[in-house]
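Observations on chain architecture
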Amino acid sequence: MVYLYTASQSQAVDTAASQQIPVPGFELMRRAARYAFDTLLERWPDARSINVWCGKGNNAGDAYLLAQLGHELGLQVRTLAVRDPGELSGDAKRAYLHACEAGVSVEPWVAGDVVPSADVQVDGLLGTGISGPPRAEISAAISEVNAQNGAILSIDLPSGVDGSTGTVPGEAVQAQVVTTFITHKVGSFTGPGLDYCADLCFSDLGVDASAYLRPDVETVNFHQCRSLLAEPGVNAYKHQQGHLVMCGGDLNMPGAIALAARAGLRCGAGMVTCVTHPENRTVIVGQTPEIMVCDVAQLKTRQADVFVLGPGLGRGSWSQSLYESVEQYSAHANTPVVLDADGLHWLAQKGAWRGGPLTITPHVAEAAQLLDGDVPSVQADRVAAARALAKRFGCHGVIKGAGSVVFSAESAEVRICQDGNPGMATAGMGDVLSGMVAAMLGQSARERQSQPGGAQSMDRLCLSVCLHSAAADFALAKIPPLSLMASDVIDAVPGLLQELRD
């Protein structure tokens, strides 16, 4: 588990840490510079020249001290001051003076200056607390860093990435390695920021645990929550494993509901019934004969542990009728509902949910529709958007995408999935997730009946999100990302689970 901090939370921890060390902030700065420099030497042992780019905050102080370490080792060091060192203050100014006294030559840089190439570019332009697009001179420097032929190491965060949200409002450094200190930042783990933090290296710089506050955002991964997976006992029977009722698949749209149903079965559901358009029956049963099918008129006769509503649902009168029927039946029996795809469209249209316990699985565009906003506003702060969805609809859920954000109306906690890969950006992947979520929630519902106090919905949701992404990662052993399909993820589940058993 990794706790994730916003910029302001990180600054509070830094302040608490500096009060514990005899030479407060400057000692932390020295340690940060040493860790970043050691990482540089480890990753690029043949490097003989480095360009060190410096702004004006504490991030620049780290960079000036790193330049000093390179100079003392005999590397060819070019130290470029993008902001006037006269603007420096506090520990950053002390670091600059310390480097100059050690013989580091600092030269000013302005846009248009030609900079000789080097083996490694060191990015010390912007720190954690910066928000909004970089100023013109910093933006120009970022462009120059990215254009240089050589590796790039960023100190704490790639300059231009918002540490609190992961948004990238302007130019940002495309780092190969990022060395981050004391706290992990939210912006390194979700949203656009992930594209700029390819290889993240962390050091707590020796800060004592007592300096840390506990934030309400943390990471989660499959190996962390796999203990919730339990194989059927010797006396297990299908009803004990949960009955999923999948509702969707309008005329000529059988694929989505078929994927969701098959994923549910593959992840341990005892029975799966598809409530779908009559013309879809042959296709669905032909693909997976273990699936039962019925039409809307038979819905009331199906005793469900969990409903899935939305894959291939459509937006016509048939779709609306099915949506309203599931809402009504789930409310009467207090049955959990997983709402996805066009089910989320109908939720946005109606503005409120009146059924049983709700879990939603929107992608960014669907989340924006549910919040009466737009995609950029959701991407600008995915954690805030998740909390807004939980509050508005009183639900659990996940905002899908790079660094999927799992949330709960019952808890202030937000968890960010560390599993997954770019190959998952393809049709049907969300349908597979909805089936997996339903399978895990169905088993949880049965657990609560027999063992009160068992695994809660938030934990089960995290498990299903991470299993989905981990299975996609497992599939890459045989399938390149460009060729990954949603059905490949379902097919990868047995191999992943067998690997755990072995």
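Below, the structure is looked at part by part. All of these numbers come straight from a predicted model, not from anything done at the bench. (Residues numbered from 1 in each chain as written. Predicted model: local features only at pLDDT ≥ 70, side-chain atom pairs only at ≥ 80, totals over all residues. Heavy atoms only, no water.)

Here we look at the packing of helix α2 (residues 24-43) against helix α4 (residues 90-101)
For the pair α2 and α4, the least separation of the axes is 9 Å and the interaxial angle reads 55°. Here α2 lies oblique to α4, going by the angle between them. Relative to α4, α2 is oriented so that their crossing is right-handed. Here Gly 25, Phe 26, Met 29 and Arg 30 of α2 come into contact with α4, specifically with Asp 91, Ala 92, Arg 94, Ala 95 and His 98. In the contact of α2 with α4, the residues fall into 4 nonpolar, 2 polar and 3 charged. (Axes fitted to C-alpha atoms, helices over the stretch in contact; angles between N-to-C directions. Helix = DSSP H or I, 4+ residues; strand = E, 2+ residues; numbered from the N terminus. Parallel < 35°, antiparallel > 145°, perpendicular 65-115°, else oblique. Left-handed = near helix turned anticlockwise from the far one by under 90°. Contact = heavy atoms within 4.5 Å. Nonpolar A, V, L, I, M, F, W, Y, C, P; charged D, E, K, R; others polar.)

Here's the deal with the nonpolar core
By size, the foremost hydrophobic cluster in this structure holds 51 residues, and its most contacted members are Leu 244 and Met 246. The leading source of residues in this core is helix α15 (residues 457-475), at 11 residues. Counting residues in hydrophobic clusters, the runner-up holds 44 residues, among them Ala 17, Leu 88, Val 122 and Cys 201. (Core = buried A, V, L, I, M, F, W, Y, C linked by side-chain atoms within 4.5 Å. Buried < 20%, exposed > 50% of the residue type's maximum accessible area, 1.4 Å probe, protein only.)

Comments concerning the sheet that holds strand β3 (residues 76-81)
In space, the 7 strands of this open sheet follow the order β4-β3-β2-β5-β6-β7-β9, with parallel pairing throughout. With one partner strand each, in any of the chains shown, β4 (106-108) and β9 (200-203) form the two edges of the open sheet. For this sheet the average axis-to-axis angle between neighbouring strands, irrespective of direction, equals 20°. Here 4 bridges tie strand β7 (residues 177-181) to β9, and the two strands are oriented parallel to one another. The residue of β9 that forms the bridge with Val 178 is Leu 200. Across the sheet, α2 touches β2 (49-54), β5 (120-124), β6 (151-155), β7 and β9, and the angle it forms with β7 is around 155°. (Pairing = 2+ DSSP bridges.)

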